[in-house]
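Residues per chain, in single letters:
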Amino acid sequence: MHSDFLKCFLVTLLVGVIAVASSSVRGEEQEAERTPDVIFVPTPHEVVEIMLRLADIGENDVVYDLGCGDGRIVVAAAKKYGVRAYGYDIDPQRVRESRENVKKNNLEDLVTIEQKDIFTLDLSKADVVTLYLLPSLNVKLIPQLEKLKPGARIVSHAFDMAGVKPDVVATVSCDDGIDRRVYLWTTPLKKEAERDDDNDFFGSGSLRFDNDEIEFPSLFDDPND
Ligand SMILES: C[S@@+](CC[C@H](N)C(=O)[O-])C[C@H]1O[C@@H](n2cnc3c(N)ncnc32)[C@H](O)[C@@H]1O
């Protein structure tokens, strides 16, 4: 009796494990792991363009978007620069939207979308990391970002990273009349205490991009919109 129950239990467990493993190998949707740390708000396309320009993407670079939303940043990177790009999101709905975006743009060879918690990722293969999260989440990522290869670039829409000095703070003047900030850091990261007051980032490191300098929408027009 006991052994029948045990057999039944083990078979059920095995079937469950195989189902989960095979769905994740095929890249199929998984259950939500936990609540996202920040809700989905898309980066305007003209800000995406400036983030990618600031990251100075080379042909062999690999781009990671941490919390990829509808996949617009990884799609834009692959479309404009022809590079490999990986988008990670914890929300299955966003993963589905990103994959649809990749498919619609015929970028399956270059772009991979995975349902993962960004705080579990190994970033050592990334040359460029893009963020649109929250100030506290940027800070929480510092231990992972410190493991990026030297010369990697991190660009963040809207939010800085307390304690780490950006190389550039750019202001993007958007179509809707709102100015948005973009921060650029290069690795190895420079601690704020090392900041040279003669080279305050709000002085020589600040840039402004006005509407007429932004090629959007011709470059990044998204067939989904
Ligand atoms: C503000 S949106 C940015 C979307 C996209 N990067 C963009 O700029 O348009 C933040 C995204 O992060 C995702 N997210 C939140 N916490 C996460 C976590 N721990 N791991 C992975 N993704 C997460 C959310 O589901 C959401 O899609």
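Please refer to the structure placed before this passage.
These lines cover the structure that appears in this document, whether it is placed above or below.

Turning our eyes to something else, we now look at the sheet that holds strand S8 (residues 206–209). Sheet architecture is open: 8 strands sit in the order S3-S2-S1-S4-S5-S7-S6-S8, paired in mixed fashion. What marks the edges here is a single partner per strand, and that holds for strand S3 (111–115) and S8. In this sheet, adjacent strand axes meet at a mean angle of 20° when their direction is disregarded. The pairing of strand S1 (residues 62–66) with strand S4 (residues 128–131) spans 4 bridges and is parallel. Within the sheet, the bridge partner assigned to Leu 66 lies in S4 and is Leu 131. Sheet strands in contact with helix H3 (residues 72–81) are S1, strand S2 (84–89), S3 and S4, and its direction is about 180° off that of S2. Its contacts with the sheet put helix H4 (residues 92–104) on S2 and S3, and the angle it makes with S3 is roughly 170°.

Let's shift gears to the site of the ligand. In the vicinity of the ligand there are 24 residues, among which Pro 36, Thr 43, Gly 67, Gly 69 and Tyr 132 approach most closely. Sorting the residues of the shell around the ligand by element identifies H3 and S2 as the ones contributing at least two each. Taken together, the residues of the shell around the ligand break down into 13 nonpolar, 4 polar and 7 charged.

The side-chain alternation of S3 yields one buried face, formed by Val 111, Ile 113 and Gln 115, and one unburied face, formed by Thr 112 and Glu 114. Inspection of the sheet shows S2 paired to S3 by 5 bridges, in the parallel sense. Of the residues in S3, the one forming a bridge with Asp 89 is Gln 115. Regarding topology, H4 serves as the crossover connection from S2 to the parallel S3, and that connection is right-handed.

Conventions we followed
Residues numbered from 1 in each chain as written. Predicted model: local features only at pLDDT ≥ 70, side-chain atom pairs only at ≥ 80, totals over all residues. Pairing = 2+ DSSP bridges. Helix = DSSP H or I, 4+ residues; strand = E, 2+ residues; numbered from the N terminus. Axes fitted to C-alpha atoms, helices over the stretch in contact; angles between N-to-C directions. Contact = placed C-beta atoms within 7 Å. Near = placed C-beta within 6 Å. Nonpolar A, V, L, I, M, F, W, Y, C, P; charged D, E, K, R; others polar. Buried ≥ 20, exposed ≤ 12 C-beta atoms within 10 Å, placed from the backbone. Right-handed = clockwise from strand over helix to strand, strands pointing away.

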